[in-house]
Amino acid sequence: PAGPGGVAVPRAGLKKLALPPDYSGITFPEKPKLKFMDKVPAVPKVRREPRRLRDIRGPSQVATDFTQGQYGILALGGGYLHWGHFEMIRLTIGRSIDPKSMFAVWRVPAPYKSVTRKSLGHRMGGGKGPIDHYVTAVKSGRLVVEVGGRCEFEEVRPFLARVAQKLPFPAVPVSRESLWEMRREEEERRLNNQNPWTFERVVASNMLGMRKYLSPYDLRLKGRYWGKFFLKHRV
Amino acid sequence: GAGAGVGAGAGAERCPAAWLPALQLLRRGSKAVTRHWKAMHFQRQKLLALTEYLPPRPAVPPRCLPRHTPEGHQEDGYVRVLRRQVEETLRSSRMVAVCQYNSMADEDVVTLRHFLRKHNIHVKFFLNEVVRPVLAQSKYRNLLPLFVCRNILLVSPETRAREMLRVLKGVPQVNLLGACIDDTILSRQGVENFARLPPLEASQGQTVAALSLLSSQTSSLLQQGPAHLTALLDEHIRQLREAGESTEPPPGQSTAND
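Here is what the cut-offs are and how they apply
Every chain is numbered independently, its residues counted from 1 as its sequence is written. Each chain is given a letter, starting from A, and each ligand a number, starting from 1, according to the order in which they appear as written. Side-chain atom pairs in this predicted model are given and counted only at pLDDT of 80 or more, local residue features only at pLDDT of at least 70, and totals for whole chains, interfaces and linings cover all residues. Side-chain figures throughout are based on the complete set of non-hydrogen atoms in the structure, without hydrogens or water. What counts as a helix is a DSSP run of H or I of at least four residues, what counts as a strand is a run of E of at least two, and both are numbered from the N terminus. The protein chains shown are the only cover counted for residues, whose accessible areas, like all others here, come from Shrake-Rupley with a 1.4 Å probe. Only protein chains enter the accessibility calculation, which uses a 1.4 Å probe; a residue whose area is less than 20% of its type maximum is buried, one above 50% is exposed, and one in between is partly exposed. Any two residues whose heavy atoms approach within 4.5 Å are treated as being in contact. What makes a nonpolar core is a set of buried Ala, Val, Leu, Ile, Met, Phe, Trp, Tyr and Cys residues whose side-chain atoms join them at distances within 4.5 Å. Planes of paired rings set the category: under 30 degrees apart is stacked, over 60 is edge-to-face and the rest tilted, where pairs are Phe, Tyr or Trp rings (Trp by its six-membered ring) whose centres lie within 6.5 Å. For a Lys NZ or an Arg CZ to count as sitting over a ring, it must be within 6 Å of the ring centre and within 35 degrees of the ring normal. Whether two strands pair comes down to DSSP finding at least two bridges between them. Angles here are taken between N-to-C directions and fall from 0 to 180 degrees, while the axes themselves are lines fitted to C-alpha atoms, restricted in helices to the stretch in contact. N or O atoms closer than or at 3.5 Å make up a polar contact, with two conditions inside protein: a donor-capable atom paired with an acceptor-capable one, and, for residues adjacent in sequence, both atoms drawn from side chains. Buried area is understood as the total, over both parts, of accessible area removed when two parts are fitted together, assessed with a 1.4 Å probe. For this analysis, a salt bridge means a side-chain nitrogen from Lys or Arg found within 4 Å of a carboxyl oxygen belonging to Asp or Glu. Computed over the protein atoms alone on a 1 Å grid, cavities are sets of points where a 1.4 Å probe fits but cannot get out and pockets are open sets with protein on both sides within 12 Å along at least five of seven lines; a residue lines them when it has an atom within 4 Å of a point. Grid points are joined across faces, edges and corners, and a volume is the space filled by probe spheres set on the points. The residue classification treats Ala, Val, Leu, Ile, Met, Phe, Trp, Tyr, Cys and Pro as nonpolar and Asp, Glu, Lys and Arg as charged. All others, Gly included, are polar. Take the number of residues in a helix, subtract one, and multiply by 1.5 Å to get its expected span.

1. A few points about the overall build of chain B
- Tallying secondary structure elements over chain B gives 10 helices and 5 strands in all.
- Roughly 18800 Å² of accessible area belongs to chain B as shown, and the carbon and sulfur atoms make up 57% of that amount.

Next up, the structure:
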C-alpha cells in the first residue's frame, strides 16, 4: 500500500490466532486402509446374465451421502468399475494416507456383475460368449470411496483428484460441506430459473407431442441424464 | 427391425390429461445407454435448447449496488487486551513521545532500551490498528496523524526530555516525531525547547524570587528617606570633624552661639 508521497508503507496487521480444527467426533474403523477387493466373487456366477445397462442410467439411490468419513469421491456419470480400477484406487489411497491418523472406506461393492466377451476375430453368432470378468455398476451421484480422520480437505484433495481422474466416469473429490453446497446450489438454480418452460413441465404434460421423441424414463430423469452421462449444466 | 412400443396404456395412469403417442420411435440401432455420446433427435435438441437455465437478472446489477464490508467482525479478546494495555500506558505516563522506528538490529534495540530505562523511560511497541481507535476515543485525538508508519512510544512517568533527546541523538534509526508532555502536545522543536528549560526547582525558585521582589523592595523603599538623611548627617559630622582637627579651633570658639 502506498503512503503519502508515494512511499510504500509496509503493513503488518495483528495476527489472528485461529483455533486448531476439532476432530473430536471422528470414530476410526478397525482397519484404516481399504480392503482388498476380489476379481471374482467368492461364488462365481454360473449363469451368464444379460447386459442390463439400466444399472448405469440415471441418478443413484444408494450411497449418495457420507457415513463414516469426511471426504470422498463423487461419481458424476455412470460406468463400470473393474478390478483394475479397484486396485488403482486401493493402492493410490493406501500410499497417500497416513494409517495412524486417516482412514478410508469403500462405498461400492466388489465386482458382482459378470461381463461376457466373445473371443476376438469370430463372426457373429454361436451363442453368448463365456464370462470374461466381473464389474461393479456405478450410477451418477454415488460415492465411490470415503476418506476421513484427522486431516483437512486441502490435504486430501490432491490425491483424490488424481484417483478421480483415472476413473472411467467423470468424478470429483468432495467433502461434506462441498457436497452440501453443491446440492444447495442446484436447488437454488432450480428455484430461481427464469425460464417458464422446463423439461419436466413439457414432458409431464406432453406439450407438442414431445414424448414421441423422448423416452418414458425422461419423466423421471427430467433431461438431466442422457444415457450414462450426467448433464451438470442443466437445471 | 423396427420396434414399436405401445405406451398408451402404461402412461395414461400417470398423466390422464395429456395424450400419449401410440407409436414410440425405436427404429435406430443403438440402445438407450451407450458408451459413446448418442446423437439426440433434433426435436429433443430443440427441447433442451428451449428449456435451458435462465439466471435471474435484477433491474439493478449487484455490482452497481454498494458493497457491504463483512459485518459481524468479531473482536478478538487479544485485541481487547492490547487496547487495555495501551489505555493503561497512556493513563500512567506524563510524557508520551512518538518516534518513527526504522529497522534496527536486535542488540541495538536492547541497548537503546537499557539507556532509556536508566532514565525511567519505557519503550513500547504498539500496533497502529490497535492504537488508533484508542486514541480516537481519548483526549489524544490530535496525535492520530503521527500513527501512520512504524513507530514506537517512549513513555515515562517523569518528564526528562533532555536525557531522552541525548539518547535518541545517538540512535539515527529512531526519529522523534512529536510528544505529549503533561497534556501538552509538542512538536520536535517544542520538545527541544522544553529540554532547554531549567529544571523545576530552579524555575520555582526564580518564580518565587520574582514574586517576592516587590515585597522585598518595600522595606528598603520606606527606609530610603531616613537612610539618606542618616547618610548625609554622617557625612556632615565627618566633614566637621576633619575641619575641627585641621584648624584647631579654640575651645571658647567651639561653643559658638547660633
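2. A closer look at the overall build of chain A
- For chain A, the count of helices and strands is 5 helices and 9 strands.
- Moving toward the C terminus, one meets the helices and strands of chain A in the order β-β-α-β-β-β-β-α-β-α-α-α-β-β.
- Burial analysis of chain A (235 residues in total) assigns 42% to the buried set.
- Counting contacts in chain A only where the partners sit at least 6 residues apart, residues at least 24 apart contribute 79% of the total.
- Accessible surface, chain A: about 13900 Å² in total, of which carbon and sulfur atoms supply 56%.

3. As for the nonpolar core
- Core analysis: the biggest nonpolar cluster contains 29 residues, and A:I73, A:I89, A:I93 and A:V144 have the highest contact counts within it.
- Among the secondary structure elements, those contributing two or more residues to this core are strand 1 (71-75), helix 1 (83-96), strand 3 (102-106), strand 6 (143-149) and helix 2 (153-166) of chain A.
- Broken down by element, this core gets its largest block of residues, 6 residues, from helix 2 of chain A.
- Those residues in contact with A:I89, other than ones at most four positions away along the chain, are A:L34, A:G94, A:W106, A:V144, A:V145, A:V163 and A:L167.
- The next biggest cluster of nonpolar side chains, apart from the first, holds 25 residues, and it includes B:Y101, B:L165, B:L168 and B:A179.

4. Considerations on the packing of aromatic side chains
- Within the structure shown, the criterion is met by 7 aromatic pairs over all chains.
- When the centroid spacing of 5.1 Å and the interplanar angle of 35° are considered together, the rings of A:Y225 and A:F230 count as tilted.
- According to the relative accessible area criterion, A:Y225 is buried, its value standing at 10%.
- Its guanidinium or amino end placed over the ring of B:Y53, A:R189 lies 4.1 Å from that ring's centre, counting from NZ or CZ.

5. Observations regarding the sheet that holds strand 3 of chain A
Residue and element names in this part refer to chain A.
- One open sheet holds the 4 strands; their spatial order is 3-6-1-7, and the pairing between them is antiparallel. Strand pairing shows two members of the sheet lacking a second neighbour, strand 3 and strand 7 (171-175), which therefore form its edges. Put simply, the sheet's adjacent strands are angled 20° from each other on average, direction ignored.
- Examined bridge by bridge, strand 3 and strand 6 share 5 bridges and lie antiparallel to one another. From the neighbouring strand, A104 faces strand 6, where its bridge partner is V147.

6. Re the side chain of A:E146
All names here are of chain A.
- Within the fold, E146 resides in strand 6.
- Within polar-contact distance, the side chain of E146 engages the backbone nitrogen of G69 at 2.6 Å.
- Within the structure, the side chain of E146 is placed 2.3 Å from the side chain of R107, a separation counted as a polar contact.

7. Thoughts on the interface of chain B and chain A
- Listed per partner, the contact involves 39 residues of chain B and 39 residues of chain A.
- For the pairing of chain B and chain A, the buried interface totals around 3600 Å² over both sides, and the portion due to carbon and sulfur atoms is 67%.
- When the buried surface of chain B facing chain A is broken down by residue, B:V33, B:R44 and B:Y53 rank first, second and third, together holding 20% of it.
- Scanning the region where chain B abuts chain A turns up 1 salt bridge.
- We note a salt bridge from B:R44 to A:D218, for which the minimum N-O separation is 2.8 Å.
- Inspection of the chain B/chain A interface yields 9 residue pairs in polar contact (both at pLDDT 80 or more).
- Only helix 2 (42-50) and helix 3 (77-92) of chain B provide two or more residues apiece to the side of chain B that touches chain A.

8. So, the layout of surface pockets
All names here are of chain A.
- The calculated volume of the second largest pocket comes to roughly 900 Å³.
- Lining the second largest pocket we find 30 residues, and of these E186, R224, Y225, F230 and R234 sit closest to its centre.
- For the lining of the second largest pocket, a count of residues per class yields 11 nonpolar, 7 polar and 12 charged.

9. Focus: the pattern of salt bridges
- Overall, the coordinates contain 19 salt bridges over all chains when judged by the stated rule.
- Across the pair A:E154 and A:R157 runs a salt bridge, and its minimum N-O distance is 2.9 Å. Of this pair, A:E154 and A:R157 both sit in helix 2, separated by 3 residues, roughly a single helical turn.
- When its relative accessible area of 53% is taken as the criterion, A:E154 is described as exposed.
- Take A:R157: its relative accessible area is 34%, and that puts it in the partly exposed class.
- Between B:E192 and B:R188 there is a salt bridge, with its nearest N and O atoms 3.5 Å apart.

10. Topic: the pairing of strand 7 of chain A
Residue and element names in this part refer to chain A.
- Counting buried positions along strand 7 yields 4 of 5 residues, so the element is predominantly enclosed.
- Direction of pairing for strand 1 relative to strand 7: antiparallel, over a ladder of 5 bridges. The residue bridging L74 from the neighbouring strand is V172, located in strand 7.

11. Quick look at helix 4 (residues 106-118) of chain B
- With 13 residues, helix 4 of chain B ought to run about 18 Å at 1.5 Å a step, and its terminal C-alpha atoms sit 19 Å apart, in line with that.
- Of the residues flanking the end of helix 4 of chain B, it is B:N120, one or two places downstream, whose phi is positive at about 60°.

12. Some words on unusual backbone geometry
- The residue A:A63 is not glycine, and still its phi comes out positive at about 55°.
- Checked against the element boundaries, A:A63 lands in the segment before strand 1.
- A positive phi is found at B:D182, a non-glycine position, where the angle reads about 55°.
- Here B:D182 shows up in the loop between strand 4 (174-181) and strand 5 (184-186).

13. A look at empty space enclosed by the protein
Residues and elements named next belong to chain B.
- Per the counting criterion, the structure on display carries 1 cavity of 30 Å³ or more.
- The computed volume of the largest cavity comes to approximately 30 Å³.
- Every residue along the wall of the largest cavity is listed here: V86, L90, V96, V131, L135, L143, F147 and L153.
- Of all the secondary structure elements, the ones that give two or more residues to the lining of the largest cavity are helix 3 and helix 5 (128-137).
- Of the residues contributing to the lining of the largest cavity, the split by class is 8 nonpolar, no polar and no charged.

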